[in-house]
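# Commentary on secondary and tertiary structure
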Amino acid sequence: MIQNDILQPQDRPALGHWIPLSFQHVFAMFGATILVPLLTGLNPATALFTAGTGTMLFILCTKAKVPAFLGSSFSFIAPLIAVTASHGLSYALGGAIAAGLFYCIIAQIIRFSGTGWLDRVLPPVVIGSVIVVIGLFLAPTAMNMAMLDGNGSYSLVFLSIAAVTLGITIIANIFLKGFFSAIPILIGLFSGYIFTLVMGIFIPAYAIIDFQIVKDAAWIGLPVFHVPSFSIIPILIFVIVSLATICEHLGDMVVTSKIVGQDFYKDPGLHRTLTGDGLASAWAAIWGGPPNTTYSENVGVMAITRVYSVWVIGGAAVIAVLLSFFTKFGAIIQTIPTPVLGGVSILLFGIIASSGLRTIVESGVDFKDKRNLIITSVILVIGIGGGRLAFNITGDLQFELAGIALATVVGIFLNLVIPETKKAG
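Residues numbered from 1 in each chain as written. Predicted model: local features only at pLDDT ≥ 70, side-chain atom pairs only at ≥ 80, totals over all residues. Heavy atoms only, no water.

## Description of unusual backbone geometry
Glycine aside, residues mostly have negative phi angles, and peptide bonds mostly take the trans form. A cis amide bond links aspartate 267 to the next residue, proline 268, at an omega of 15°. Within the fold, proline 268 resides in helix α12 (residues 265-287). At lysine 63, a residue that is not glycine, the phi angle is positive and equals roughly 60°. For lysine 63, the location among the structural elements is in the loop between α2 (44-61) and β3 (70-72). Although it is not a glycine, alanine 64 adopts a positive phi angle of roughly 55°. A residue is classified by how much of its surface remains accessible, and alanine 64, at 37% relative accessible area, is partly exposed. (Helix = DSSP H or I, 4+ residues; strand = E, 2+ residues; numbered from the N terminus. Buried < 20%, exposed > 50% of the residue type's maximum accessible area, 1.4 Å probe, protein only.)

## Points about the packing of aromatic side chains
In this structure the tally under the stated criterion is eight aromatic pairs. Here the aromatic rings of phenylalanine 195 and tyrosine 206 are separated by 6.1 Å at their centres, their planes lie at 90°, and the arrangement is edge-to-face. Taken together, the positions of phenylalanine 195 in helix α9 (residues 184-202) and tyrosine 206 in the loop between α9 and α10 (212-216) put the pair eleven residues apart, joining distant regions of the chain. Using a relative accessible area of 23% as the deciding quantity, one classes phenylalanine 195 as partly exposed. (Phe/Tyr/Trp six-rings, centres within 6.5 Å; stacked < 30°, edge-to-face > 60°.)

## Some thoughts on the environment of methionine 143
Among the structural elements, methionine 143 can be located in helix α7 (residues 139-147). Methionine 143 sits 202 residues away from serine 345 along the chain, and the two C-alpha atoms are 8.4 Å apart.

## Some remarks on the pattern of salt bridges
Applying the stated criterion across every chain yields a total of two salt bridges. Lysine 65 is the salt-bridge partner of aspartate 267, the closest N and O atoms lying 2.8 Å from each other. Of this pair, aspartate 267 sits in helix α12 while lysine 65 sits in the loop between α2 and β3; the two residues are 202 residues apart in sequence, bridging distant segments of the chain. On the basis of relative accessibility, which here comes to 40%, the residue aspartate 267 falls in the partly exposed class. The class for lysine 65 is partly exposed, based on a relative accessible area of 29%. The residue arginine 358 makes a salt bridge to glutamate 362 at a minimum N-O spacing of 3.7 Å. With arginine 358 and glutamate 362 both in helix α16 (residues 338-362) and four residues apart, the pair spans about one turn of that helix. Just as arginine 358 is exposed, glutamate 362 falls in that class too. (Salt bridge = Lys/Arg side-chain N within 4 Å of Asp/Glu carboxyl O.)

## Regarding the packing of α7 against α16
The N-to-C vectors of α7 and α16 enclose an angle of 150°; their axes lie 7 Å apart at closest approach. Accordingly, the angle class assigned to the pair α7 and α16 is roughly antiparallel. Two packed elements cross with a definite hand, and for α7 against α16 that hand is left-handed. Taking contact as the criterion, the partners of Ala142, Met143, Met145 and Ala146 in α7 are, on α16, Thr338, Pro339, Leu341, Gly342, Ser345, Ile346 and Phe349. Split into classes, the residues belonging to the contact of α7 with α16 amount to eight nonpolar, three polar and no charged. (Axes fitted to C-alpha atoms, helices over the stretch in contact; angles between N-to-C directions. Parallel < 35°, antiparallel > 145°, perpendicular 65-115°, else oblique. Left-handed = near helix turned anticlockwise from the far one by under 90°. Contact = heavy atoms within 4.5 Å. Nonpolar A, V, L, I, M, F, W, Y, C, P; charged D, E, K, R; others polar.)

## Structural notes on helix α14 (residues 310-324)
In a regular helix each residue adds 1.5 Å, so 15 residues correspond to 21 Å; α14 covers 21 Å between its end C-alpha atoms and thus fits that length. In terms of residue burial, α14 counts as a mostly covered element, since eleven of its 15 residues are buried. Taken together, the buried positions of α14 are occupied by Val310, Val312, Ile313, Gly314, Gly315, Ala316, Ala317, Ile319, Ala320, Val321 and Ser324. Where α14 begins, the capping side chain belongs to serine 309, and its oxygen is found 3.0 Å from the backbone nitrogen of tryptophan 311. (Expected span 1.5 Å × (residues − 1). Polar contact = N/O pair within 3.5 Å; in protein donor to acceptor, adjacent residues only side chain to side chain.)

## Notes on the side chain of glutamine 8
By secondary structure assignment, the location of glutamine 8 is in the loop between β2 (6-7) and α1 (15-40). Residue glutamine 8 is classed as buried on the basis of its relative accessible area, which comes to 18%. Setting aside residues no more than four positions away along its own chain, glutamine 8 makes contact with Val260, Gln262, Tyr308 and Ser309.

## A word on the packing of helix α6 (residues 124-137) against helix α18 (residues 403-417)
Remark: α6 packs on α18, axes separated minimally by 10 Å, with the N-to-C direction vectors making an angle of 165°. Relative to α18, α6 is oriented roughly antiparallel. The crossing of α6 and α18 is right-handed. Residue-level inspection shows Val126, Val130, Val133, Ile134 and Phe137 of α6 in contact with α18, the latter providing Ile404, Thr408, Gly411, Ile412 and Asn415. Looking at the contact of α6 with α18 residue by residue, the classes come out as seven nonpolar, three polar and no charged.

## What about the environment of isoleucine 106?
Take isoleucine 106: it is sitting in helix α4 (residues 89-113). Spatially, the C-alpha atoms of isoleucine 106 and isoleucine 246 are 8.7 Å apart, while their sequence positions differ by 140 residues. If near-sequence neighbours (up to four positions away) are discounted, isoleucine 106 is found in contact with Trp117, Ile246 and Leu274.

Here is the structure:
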């Protein structure tokens with residue numbers, strides 16, 4: 001039933017409206033969902049499959065009460081890249097599975113004890129600083145994609161492609177209205193692709209798109225799956241980083257609750273939404289996809305349309321799964337030039353860092369307080385500067401904690417041991 005032109009979570013639209021409404025959510029999540037696997041060496045088609053099936057799993061865990069689409073998480077890009085480089089992709093996937101299961105453990109603790117202890121361990125000064133580190137840690141990756149060619153040499157051609165892509169993405173984000181304002185990343189990717197394609201016709205240096213992979217691909221096929229492996233160090237890295245993403249989930253549920261006008265913290269309960277998020281992330285990694293997270297892009301679509309139907313979100317999940325089996329479609333995605341990805345990444349990674357700053361500002365963190373200033377300063381330098389703690393445990397087994405994970409641990413430790421400043425009467 002529709003009341004005041006609003007579709008509530010339990011309302012099912014007519015089929016003629018249902019399909020286009022679901023496609024709208026697919027377009028909203030599409031650019032970001034395929035970008036994460038492209039940046040981390042995973043398969044975009046697999047990411048679509050795990051995003052769709054993960055969303056279905058989330059709907060099941062939340063008793064079909066929370067309208068949320070789950071797509072590839074940007075917060076896990078850094079650990080995916082770092083662990084893949086040091087241990088291999090299979091161990092990165094194993095770490096992601098552990099992080100998802102850790103969500104479930106935290107969910108059960110929250111179920112019985114509430115969220116007060118989490119606020120104490122991970123206050124805004126820690127979480128905001130860690131999110132800033134996540135974004136800035138990835139900044140060199142974005143710039144390298146934007147400036148360096150396949151041989152690792154500086155390329156003005158690559159930089160021009162990245163600049164055009166970035167410019168169009170910014171324009172789309174600021175000036176477009178309605179539905180198109182929800183898909184600036186997709187618009188930027190498409191425009192950068194077309195620009196490269198057209199320039200390649202007239203200028204040989206721009207002819208960097210190779211369609212051979214599309215010609216060789218079958219029309220229909222299975223997504224590319226990977227088998228995960230497990231090791232203590234990758235697991236620790238992902239679990240520690242997940243402390244920040246758990247807090248992102250808490251914020252996402254607050255925003256979604258406000259938009260829909262229902263308190264999802266109480267019904268179906270934060271423990272259910274967090275369990276659904278965690279199981280969806282573990283499920284994704286089992287199949288070789290990136291960990292999932294609730295998508296603000298799709299929340300934005302709901303805010304604009306006032307369509308909060310879980311049926312619409314479920315329809316988008318089904319469409320994403322169907323798209324994952326069109327192998328040629330996945331091959332076309334893989335032809336997206338590196339500088340195009342670099343152009344949108346400059347904005348995306350910066351937005352991650354800026355969201356950390358927003359967390360700090362909106363939470364009213366006082367940097368006149370030396371305690372807050374010290375905690376943030378240490379987190380930023382360790383995380384961005386590449387801090388590393390490593391030592392041999394026994395034989396060939398080495399313990400290593402570095403970058404974001406180490407910065408998070410140190411931030412939590414400082415927050416717990418540095419006494420809070422007493423405010424004058």
